[in-house]
Amino acid sequence: MSVVGPARGVLVECEDAFAASAGLFASACAELAAPEAAVMTHAQLEDLLGARMREVTRQLFQDHLTLRARDEVRRQEVVDAAGVERSRIERDRHRRLATVFGKVTVVRIAYRGTGVADLHPADAVLNLPDGMHSHGLARLAAIESARGSFADACERINAHTGSGIGHRQVQELAVSAAAGIDAFYDALVPAPAPTPRH
């Protein structure tokens with residue numbers, strides 16, 4: 001199938017932006033086509049594909065974040081909730097994010113001011129957590145911790161995600177998720193109906 005015009009340009013850009021993840025996928029395909037794979041059991045193939053595709057997915061996530069960073073446009077005016085402006089920028093500000101696929105790096109513009117914390121509008125667009133662990137990992141920590149001990153939760157999360165999250169982090173994420181439970185249930189209680197006037 002031939003692709004022409006603007007669509008061809010988008011395809012080439014996509015191939016360039018996601019070359020690293022495409023390379024990992026091609027390597028996984030080559031591994032499956034090798035003679036050694038022909039004698040693997042289905043369980044061995046599951047383990048192999050689970051590990052390889054998790055890394056492909058992590059790299060896809062990273063490639064996408066890299067593309068966002070490349071295309072991030074400087075904003076003309078950035079102010080905080082108190083109305084304090086950030087007049088200077090610093091490009092290529094890095095932060096790590098632990099996801100259900102593994103760790104990635106978010107690169108974005110920092111907006112700076114004197115005597116105030118830096119602002120990162122790209123973090124808000126991504127809805128990044130305050131800490132290093134993604135909302136997906138926090139959700140898993142809350143679910144798995146409710147089923148048993150934090151140690152067991154940690155083991156299950158790492159077995160399914162390969163994230164390498166530690167026991168203490170699982171506990172902190174689960175406790176943080178539980179902190180808002182009272183407010184959640186209070187919001188479900190209906191307010192009394194107003195007394196009708198005659």
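Since this is a predicted model, take the numbers as computed values, not measurements.

## Remarks on the overall build of the protein chain
The number of helices and strands found in the protein chain is eight helices and two strands. Reading the protein chain from its N terminus to its C terminus gives the helix and strand order α-α-α-β-β-α-α-α-α-α. When burial is assessed residue by residue, the protein chain has 26% of its 198 residues classed as buried. Expressed as a percentage of contacts within the protein chain between residues at least 6 apart in sequence, the contacts between residues at least 24 apart total 56%.

## Topic: the side chain of Gln 59
Following the sequence through the fold, Gln 59 ends up in helix α3 (residues 42-71). Leave out the neighbours within four places in its chain, and Gln 59 touches Ala 20, Ser 21 and Leu 24.

## Looking at the pairing of strand β2 (residues 102-112)
By the criterion of burial, β2 is predominantly enclosed, with eight of the eleven residues buried. Pairing of strand β1 (residues 88-99) with β2, which is carried by ten bridges, proceeds in the antiparallel orientation. When the sheet's bridge partners are listed, Arg 88 is paired in β2 with Arg 112. Taken together, β1 and the strand that follows it, β2, pair antiparallel across an intervening segment of two residues.

## Structural notes on the environment of Lys 103
Mapping Lys 103 onto the fold places it in strand β2. In the structure, Lys 103 is positioned 41 residues away from Gln 62 in sequence and 8.7 Å away in space, judged by C-alpha atoms. Excluding anything up to four places from it in sequence, Lys 103 contacts Arg 58, Arg 96, Leu 97, Ala 98, Met 132 and Ser 163.

## Comments concerning the packing of helix α5 (residues 135-145) against helix α7 (residues 167-179)
Following both chains from N to C, one finds α5 and α7 inclined at 90°, their axes separated by 8 Å at the closest point. As summarised for this structure, α5 and α7 are arranged roughly perpendicular, according to the angle between their axes. Judged by residue contacts, Leu 137, Ala 138, Ala 141, Ala 142 and Ser 145 of α5 engage Val 170, Leu 173, Ala 174 and Ala 177 from α7.

## What to know about α5
Among all positions of α5, only Gly 136, Leu 137, Ala 138, Ala 141, Glu 144 and Ser 145 are buried. For α5, the secondary structure elements touched by its buried residues are β1, α6 (150-161) and α7.

## Let's talk about the side chain of His 120
Relative to the helices and strands, His 120 resides in the loop between β2 and α4 (121-126). Classification of His 120 by relative accessible area gives buried; the value is 18%. At a separation of 3.5 Å, a polar atom in the side chain of His 120 contacts the side chain of Arg 93. Residues within four places of His 120 in sequence aside, it is in contact with Arg 93, Arg 108, Ile 109 and Ala 110.

## Regarding the layout of surface pockets
Estimates place the volume of the largest pocket at around 160 Å³. In terms of lining, the largest pocket is formed by Leu 65, Arg 68, Ala 69, Glu 72, Val 73, Arg 75, Val 106, Val 107, Arg 108, Ala 122, Val 125 and Leu 126. Listed by contribution, the elements that provide at least two residues to the lining of the largest pocket are α3, β2 and α4.

## Examining unusual backbone geometry
Of note in the backbone geometry, Asp 92 takes a positive phi value of approximately 60° without being a glycine. Of note, Asp 92 is situated in strand β1. Residues other than glycine seldom take positive phi values, yet Asn 127 does so here, at roughly 55°. With respect to the helices, strands and loops of the structure, Asn 127 is situated in the loop between α4 and α5.

## Quick look at the nonpolar core
Across soluble globular proteins, nonpolar side chains have a tendency to be buried as a group. The biggest cluster of nonpolar side chains holds ten residues, and these are Ala 98, Leu 137, Ala 138, Ala 141, Ala 153, Cys 154, Ile 157, Ile 165, Val 170 and Leu 173. Residue assignment for this core shows that the elements contributing at least two residues are α5, α6 and α7. What Cys 154 contacts, discounting residues up to four positions off in sequence, is Ile 165, Gly 166, His 167 and Val 170.

## With respect to the environment of Ala 174
Mapped onto the elements of the fold, Ala 174 is located in helix α7. Among the residues examined, Ala 174 registers a relative accessible area of 11% and is labelled buried. Sequence separation between Ala 174 and Arg 139 is 35 residues; the distance between their C-alpha atoms is 8.0 Å. If near-sequence neighbours (up to four positions away) are discounted, Ala 174 is found in contact with Ala 141, Ala 142, Ser 145 and Phe 150.

Cut-off values and rules
- Residues numbered from 1 in each chain as written.
- Predicted model: local features only at pLDDT ≥ 70, side-chain atom pairs only at ≥ 80, totals over all residues.
- Heavy atoms only, no water.
- Helix = DSSP H or I, 4+ residues; strand = E, 2+ residues; numbered from the N terminus.
- Buried < 20%, exposed > 50% of the residue type's maximum accessible area, 1.4 Å probe, protein only.
- Contact = heavy atoms within 4.5 Å.
- Pairing = 2+ DSSP bridges.
- Axes fitted to C-alpha atoms, helices over the stretch in contact; angles between N-to-C directions.
- Parallel < 35°, antiparallel > 145°, perpendicular 65-115°, else oblique.
- Polar contact = N/O pair within 3.5 Å; in protein donor to acceptor, adjacent residues only side chain to side chain.
- 1 Å grid on protein atoms, 1.4 Å probe; cavity = no way out; pocket = protein on both sides within 12 Å on 5 of 7 lines; lining within 4 Å.
- Points joined across faces, edges and corners; volume = space filled by probe spheres on them.
- Core = buried A, V, L, I, M, F, W, Y, C linked by side-chain atoms within 4.5 Å.

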